[in-house]
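# Observations on chain architecture
One-letter residues, chain by chain:
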Amino acid sequence: MKEFKLENEPKITSGFKVPDSYFENLENSVFSKITEKETPVFTLFSKRNLIFAAAAIFVIALSIPILNQSSISNTKIDEVQLESYLIEQSNLSEDDIVDLLDEEKIQQIKLELNIDSNELEETLLNNSNLEDYIIN
């Protein structure tokens, strides 16, 4: 490869030239192209804007109690509806229900029955359908 030395080789011109007196007339040509337009000024505190703001605040103040009443739902579950729902949903097996319950919920479900052994014995002796009480 041929060695290239900048000092010995002729200089290459860039090809870009500035026209004569370009920078002298630049400011005048830029300002002549700019046309000044007056921009409209909108005031924030005009009577019309204040009326609209007061109306918006009034509507919001009236709607807050209505929205609060509609968002409050009845959290008390009707026992009859719950029982009928469980009867209709027969596709749930006992194993499915047990899998969904954790130990804490099972402890909450347990009932404390204080049944006297004499009463239990009398009920079992007097009732002829003992098979109904036997759980497989």
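Our subject is the structure listed above.
Described in the following lines is the structure provided in the data block. (Residues numbered from 1 in each chain as written. Predicted model: local features only at pLDDT ≥ 70, side-chain atom pairs only at ≥ 80, totals over all residues. Heavy atoms only, no water.)

### Section: the overall build of the protein chain
Counting its secondary structure elements, the protein chain contains six helices and zero strands. Per-residue burial for the protein chain yields a buried fraction of 0% across its 136 residues. For the protein chain, the accessible area works out to roughly 15000 Å², and carbon and sulfur atoms hold 58% of it. (Helix = DSSP H or I, 4+ residues; strand = E, 2+ residues; numbered from the N terminus. Buried < 20%, exposed > 50% of the residue type's maximum accessible area, 1.4 Å probe, protein only. Areas by Shrake-Rupley, 256 points an atom, 1.4 Å probe, with all protein chains shown as cover.)

### Concerning unusual backbone geometry
If you check the backbone angles, serine 21 has positive phi at about 55 degrees while not being a glycine. By the secondary structure assignment, serine 21 is in the segment before helix 1 (22-33).

### Regarding the packing of aromatic side chains
For the structure on display, the rule yields one aromatic pair. Ring centres 5.3 Å apart and planes at 80 degrees place the aromatic pair tyrosine 22 and phenylalanine 23 in the edge-to-face group. (Phe/Tyr/Trp six-rings, centres within 6.5 Å; stacked < 30°, edge-to-face > 60°.)

### Re a negative patch on the surface
A cluster of acidic residues, Glu94, Asp95, Asp96 and Asp99, forms a negative patch at the surface. Note on placement: aspartate 96 falls in helix 4 (residues 94-100). (Patch = residues over 30% accessible without salt bridge, like charges linked within 9 Å, V, L, I, M, F, W, Y side chains within 5 Å. Salt bridge = Lys/Arg side-chain N within 4 Å of Asp/Glu carboxyl O. Lys, Arg positive; Asp, Glu negative; His and termini not counted. Charge placed at Lys NZ, Arg CZ, Asp CG, Glu CD.)

### Brief notes about a nonpolar patch on the surface
Where nonpolar side chains cluster on the molecular surface, the patch consists of Val18, Tyr22, Phe23, Leu26, Val30, Phe31 and Ile34 and spans about 700 Å² of accessible area. Within the element layout of this structure, tyrosine 22 appears in helix 1. You can call tyrosine 22 partly exposed: its relative accessible area is 40%.

Interpretation note: all reported values are geometric properties and have no functional meaning in isolation.
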